[in-house]
Amino acid sequence: MDPLHNRPIVLGVSGSIACYKAVDLASRLVKAGALVDVVMTANATRFVTPLCFKSITHRPVVDDLWDTNAEMAIEHVGLAKRAAAILIAPATANLLAKLSLGFAEDALQTTVLDTRAPIVIAPAMEGDMYGATTTQEHIARLRARGVVFVEPESGRLASGLSGRGRLADAETILGTLRATLARGGDLAGRRIVISAGGTQEPIDPVRIITNRSSGKMGFALAEAARDRGARVTLIATPTTDALAPPIGTELVRIGTVIEMHEAVRAATAEADALIMAAAVSDYRVAHPAEQKIKKRGAAANGLTIELVANPDILTETVGDFVRVGFAAESEDLLANATQKLDKKRLDLIVANDITGAGSGFGSDTNRVILVGRGGVAEELPTLPKREVADAILDRVAAILATRQKGER
Ligand code: C5P
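About the criteria used
Residues numbered from 1 in each chain as written. Predicted model: local features only at pLDDT ≥ 70, side-chain atom pairs only at ≥ 80, totals over all residues. Heavy atoms only, no water. Pairing = 2+ DSSP bridges. Helix = DSSP H or I, 4+ residues; strand = E, 2+ residues; numbered from the N terminus. Contact = heavy atoms within 4.5 Å. Axes fitted to C-alpha atoms, helices over the stretch in contact; angles between N-to-C directions. Salt bridge = Lys/Arg side-chain N within 4 Å of Asp/Glu carboxyl O. Buried < 20%, exposed > 50% of the residue type's maximum accessible area, 1.4 Å probe, protein only. Parallel < 35°, antiparallel > 145°, perpendicular 65-115°, else oblique. Left-handed = near helix turned anticlockwise from the far one by under 90°. Nonpolar A, V, L, I, M, F, W, Y, C, P; charged D, E, K, R; others polar.

Draft legend 1. Layout of the sheet that holds strand S5 (residues 148-149). The 5 strands are arranged S2-S1-S3-S4-S5 in an open sheet whose pairing can be described as parallel. Both outer strands of the open sheet, strand S2 (35-40) and S5, are each paired with one neighbouring strand and no more. Pairing of strand S3 (residues 85-91) with strand S4 (residues 119-123) involves 4 bridges; the strand directions are parallel. Paired with Leu87 across the two strands is Val120, which belongs to S4. Running at roughly 175 degrees to S2, helix H3 (residues 50-57) makes contact with strand S1 (8-13) and S2 of the sheet.

Draft legend 2. Geometry of the pattern of salt bridges. Per the stated rule, a full pass over the model turns up 27 salt bridges. A salt bridge links Arg228 to Asp390; the shortest N-O distance between them is 2.9 Å. Separated by 162 residues along the polypeptide, Arg228 in the loop between helix H10 (216-227) and strand S11 (231-236) and Asp390 in helix H14 (residues 385-407) bring together distant segments of the chain. The pair Arg228 / Asp390 is uniform in exposure class, with both members buried. Its salt-bridge partner being Arg373, residue Asp347 comes within 3.3 Å of it at the nearest N-O pair. Highlighted residues: Asp347 in the loop between helix H13 (333-343) and strand S17 (348-353) and Arg373 in the loop between strand S19 (368-372) and strand S20 (377-379), separated in sequence by 26 residues.

Draft legend 3. Structural context of the environment of Gln291. Along the polypeptide, Gln291 turns up in the loop between strand S14 (283-285) and strand S15 (307-309). Residue Gln291 is classed as exposed on the basis of its relative accessible area, which comes to 61%. Sequence separation between Gln291 and Pro205 is 86 residues, and the spatial gap between their C-alpha atoms is 6.3 Å. Those residues in contact with Gln291, other than ones at most four positions away along the chain, are Asp204 and Pro205.

Draft legend 4. Up close: the packing of helix H5 (residues 93-101) against helix H8 (residues 133-144). Interaxial distance between H5 and H8 falls to 9 Å at its minimum, and their mutual angle equals 45 degrees. If you check the angle between H5 and H8, you find them oblique. H5 and H8 meet at a crossing whose hand is left-handed. Taken together, the residues of H8 that come into contact with H5 (itself represented by Ala93, Leu96, Ala97, Leu99, Ser100 and Leu101) are Thr135, His138, Ile139, Arg141 and Leu142. Its residues placed into classes, the contact of H5 with H8 shows 7 nonpolar, 3 polar and 1 charged.

Draft legend 5. The arrangement of the sheet that holds S11 in detail. Strand order in the open sheet formed by 8 strands is S12-S11-S8-S13-S16-S17-S19-S20, and the pairing between neighbours is mixed. With one partner strand each, in any of the chains shown, strand S12 (250-253) and S20 form the two edges of the open sheet. Averaged over all neighbouring strand pairs, the angle between strand axes comes to 15 degrees, with direction disregarded. Taken together, the 3 bridges between S19 and S20 define a ladder with antiparallel strand orientation. The residue of S20 that forms the bridge with Leu370 is Glu378. Strands strand S8 (191-196), S11, S12 and strand S13 (273-276) of the sheet are contacted by helix H11 (residues 257-267), whose axis makes an angle of about 170 degrees with S11.

In C-alpha cells, the structure reads:
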C-alpha cells in the first residue's frame, strides 16, 4: 500500500521560481491518493495562483492568515494537527531562516510551528544563497530537530548561473516523503536485503552469459519494503539499469554471481530478512578469455566453453533471518517449488510459472503461488508486481512477528 494513500498531507509552497514545479508535485500527490492541503506564502502567490493548486487538489488553498472571510483563515491549527506529514517544496532561504528561528508570521510558518507531524523540506534557491553559511546553519538546526531535507541538485539555475540550488526532482522528493511516512509501518526498523535482476557471467571482454530477468519484481519488493518502514539494501545487476532505483534504499550494483554472493554476505550480517528475487546463473565460465575470442584458429568451426557450477547463494547464506526464494518454473510448478523450499531450507518460496501470460520476466504483473514451511500454498491471482511484493512482505512481517513473540 502506498503510504501516501488516504493520508492528509500539507504541501507548503514558498516564493521561489521553482513554484511551478510544486504544481506537478500537488498533482502527483493527488494521483497517489493523498488528501492534499496547499499552504502558500504571499510571495508564492506571485508566481502561481492559489486557484491553480485548488483546481488540482479540489480543496481550499490557505494563503492568508488574516482573511476573516475565508473559512480556512484559522484552519492552519486544524491542518497542523491533522497532517500525516508536511512537505515544503520549494523552500526559500527566507523561509528556512524563519522556520529555523520559529517565526509565526504567516499561515505556513504557523502551521509548521504548530505541528507534531514529520516535516520534509526541499529547498530551491540561487546557488550562493544555498551555500551561504547562514542558510547552512538554519538547515543544520532544522535537521537537528528531525526535519528531513531533500537536497537541491546542481545545474543551471533560473538566474542563468550554475550551482547547487535547483529543486530536487519530483520522484526524489516524493520517495523521501514516502520513506518518512513509512516510519510507522509494520516493517519499521527491519533490515531487508533484496537481490534483483539477472546476473552476468563474462565469456570474454565483450560477451556475457545472462538471462531474461528485468529486476522489476525485486525493485517492486524494495519499494514496498521501504514504504513499510524497512531499511532496504537492494543488490542489483546490470539488467536492471533501465529501472529507477527506489529513493531511500541502499543500492549495491554487482554483475557476477561471485560478486552477488559477496554483497549478500556483507548485507545480511545484520539483516532481518533476505529475499532472493534475482535470477542467478547456475554456472560461470571456467576461464573467461582476457581478449575477445576471434572466429579463427581453434574457434573457426565451433567453440566449446567450459562452465563450472556457481555457489547457491541462498543455500549458503544462513543466519538468524527470514529467507525467501523464488522459483521460476516452466513445468511442475508446485512440486519443483516445494522441493526447492525444503532443499534450500527456506521460510517462504515464491513460485511463478514463467510460461503464463502476464507473468514472469519483464512483465509488470505476476501470477505466483506462495509456499510456506510445511508446504502450505496460497495461490494469488495475476497482480501488479507491487501488489505481489506486498503479499510477500505480509508473510515476511508475520514470520518476523511470530519469531519476536517466541523470543519473549
Ligand atoms: O534452484 P533455483 O535456481 O531455481 O532457485 C531459485 C532461487 O535460488 C532464487 O531465489 C535464486 O535467487 C536463488 N539462487 C541462488 N543462487 C544460485 C541460484 C539460485 O541464491 N546460484
